[in-house]
Structures are given as C-alpha cells and as structure tokens.
Amino acid sequence: MEQQMHYGSDYKFIPATSIGSGVGIDVLPDIYSYTIQIVNIILIGNTQTQDYVLIDAGMPDSAEEIIELCNNRFGKNSRPKAIILTHGHFDHVGAIIELINHWGVPVYAHNLELPYLTGQKSYPEPDPTVEGGMVAKMSPFFPNEPINISDHVEKLPEDGSVPHLPEFRWIHTPGHTPGHISLFRDRDRALIVGDAFVTVKQEYLYKVMTQEQEISGPPRYLTPDWSSSKQSVQKLEALKPTVAITGHGLPMSGDLLTNSLYRLVEHFDDIAVPDFGRYVEKNKH
C-alpha cells in the first residue's frame, strides 16, 4: 500500500530572498541555473527536445514557480525525466511533493540521504551559535524534520552514473549532510556543487540579499561534519572544474574559480570552519 507523502510538521514558507530571486542564467548551452529566493535549482537538457532533468526542488511553496519555469523553457506540459537531489535540506526539497504529484517522475538521491527523505531521521538542528550574520541567527526557524517520499525516491546507482544524464557522474561529497552529492561532467569539467561549497557567505543576510560573490565552505549553520566537508572540497578542487554551479550564490568560472577554490582548500579552516559553534571540533585539522 502506497504511503502518503508528507513534509515535516515544521515545514513552512521562509521569508528570505535575494536580488537574484527569479533570475535565470544560461551557464552552458544545456545547463540553466535559476534562483528561488536564496537557493538555486538547475535544469540540464536540450530545450529543442524537451529532454531534461531537474536538480533539486527549491524552497517551500515554490512548486508553481518551478513548473512555470519548466513550461517556459521546455514547452507547455513538459516534464523532466527525473529529479536528482544533491541532498535533502528544506531549501533543496521544498517543492518536491507537489512536483512529484504534478509530474509523476522518479526522484534520485544518495543512499545515505534516504533516511531524511523517507520519514526516518531528522537532520541535526541548525546551529545559530556559529559566528556570522542574521541568516545564521534565523536558522532555528529553518525546518529540519524529515520528509516522506518513500514510494517515489530511489537510491542513485552505485557505479556513479546519473539516471538520464549519461555524460555526468555523481560524486559523494559528505559533510554538509551524510549523503550529499555533487555532479561532474568530464567532457567540459562542468561541476554542479550542491552545498559542498557555495559562492556567497550564506550566513550573512546582506551578502545573501546582494549575492556578493565570495567562495566559501558549506553553510555553517547547517553543517555538522567539518572534517568530511574539508575532504569533499579537496575532492572537488582536484577535478579542476572550469565552471561551478552552487546551491547558493552565482555560478563561478575560469581563473576566478580555479584560484578561489585552491585558496579555499589551502585555507579551509580559516575560510570555512566557524571559530565556534555546536558542531565545530575543538581541534581543527
């Protein structure tokens, strides 16, 4: 018997936005990044064939905006072949149930992320004590309870392939969450990062609102494992990506990306890791 899909009891609209909200960027001919309030969703595919995949599912109450975006870009009543989740935080799965109901498409996530998507396990509570700005202070209001899409979510293939995206492979980049993934295409070294690192200081309301570009580690207030986060950034830097589309902030490319990512790896403890906070290790590595 099919289980009823539901969000956690703490799910709600979050009144946070940026100047980038509602703006889309053609990063590459087949990769389109679109900002919903403070988070990015990504469409990968050919607009001529209506053959595309959606990466992540936006903020709570954003389903109508996502559906309209897809209709405008790929044609009326078009639907993606699948939805790939980089992870299950509220701002990346905020419209997932409505999208499943509307499109009836499969959802894929890493095996270690499934407990948070099948009603079994809550994420650690956001940490407002990390040093930072207003967004960090607001974080206790962010949902962290699991959603349940048990009958519609599947684990990604163990061989690293990505369903319906034959040129991409998924890379396990834990730290921000246990089953966090990034996507990489070897042909042009295009990297879809998720929140393994971001290009805006996500803790600071002013920088979030203005989208001031600055490479940083994962959002501090929702990252419980800094050792794994550091290893994940090292893994992504070693790929030498030419362009990176992150979950928060503007896409980054060229020398700016290369130099910024190298600096993040070399100075991760200073740039990314909070000086204090609930999940900060006493001895940074």
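My aim in this report is to walk through the structure given alongside it, one point at a time. Keep in mind the model is a prediction, meaning the values are calculated, not measured. (Residues numbered from 1 in each chain as written. Predicted model: local features only at pLDDT ≥ 70, side-chain atom pairs only at ≥ 80, totals over all residues. Heavy atoms only, no water.)

With that settled, consider the packing of aromatic side chains. This structure, assessed with the given rule, holds six aromatic pairs. The interplanar angle of 5° and the centroid separation of 3.8 Å between the aromatic rings of Tyr52 and Phe74 together place this pair among those described as stacked. Here Phe74 lies in helix α1 (residues 63-74) and Tyr52 lies in strand β4 (residues 51-55), a separation of 22 residues in the sequence. Residues Phe90 and Phe142 carry aromatic rings whose centres are separated by 5.2 Å and whose planes lie at 35° to one another, so their mutual orientation is tilted. Residue Phe90 is located in the loop between β5 (83-84) and α2 (96-103), and its partner Phe142 is located in the loop between α4 (134-138) and β7 (153-155); the two are separated by 52 residues in the primary sequence. Across the pair, exposure class does not vary: Phe90 and Phe142 are buried alike. Pairwise contacts between aromatic rings join Phe90, Phe142 and Tyr221 into one cluster. (Phe/Tyr/Trp six-rings, centres within 6.5 Å; stacked < 30°, edge-to-face > 60°. Helix = DSSP H or I, 4+ residues; strand = E, 2+ residues; numbered from the N terminus. Buried < 20%, exposed > 50% of the residue type's maximum accessible area, 1.4 Å probe, protein only.)

Moving on to the packing of α1 against α2. Across the interface, α1 lies against α2 with an axial gap of 9 Å and an inter-helix angle of 45°. Comparing the axis directions of α1 and α2 gives the class oblique. For the pair α1 and α2, the crossing hand works out as right-handed. On the side of α1, the interface is formed by Ala63, Ile66, Ile67 and Cys70, while α2 contributes Glu98, Leu99, His102 and Trp103. Across the contact of α1 with α2, the residue classes break down as six nonpolar, one polar and one charged. (Axes fitted to C-alpha atoms, helices over the stretch in contact; angles between N-to-C directions. Parallel < 35°, antiparallel > 145°, perpendicular 65-115°, else oblique. Left-handed = near helix turned anticlockwise from the far one by under 90°. Contact = heavy atoms within 4.5 Å. Nonpolar A, V, L, I, M, F, W, Y, C, P; charged D, E, K, R; others polar.)

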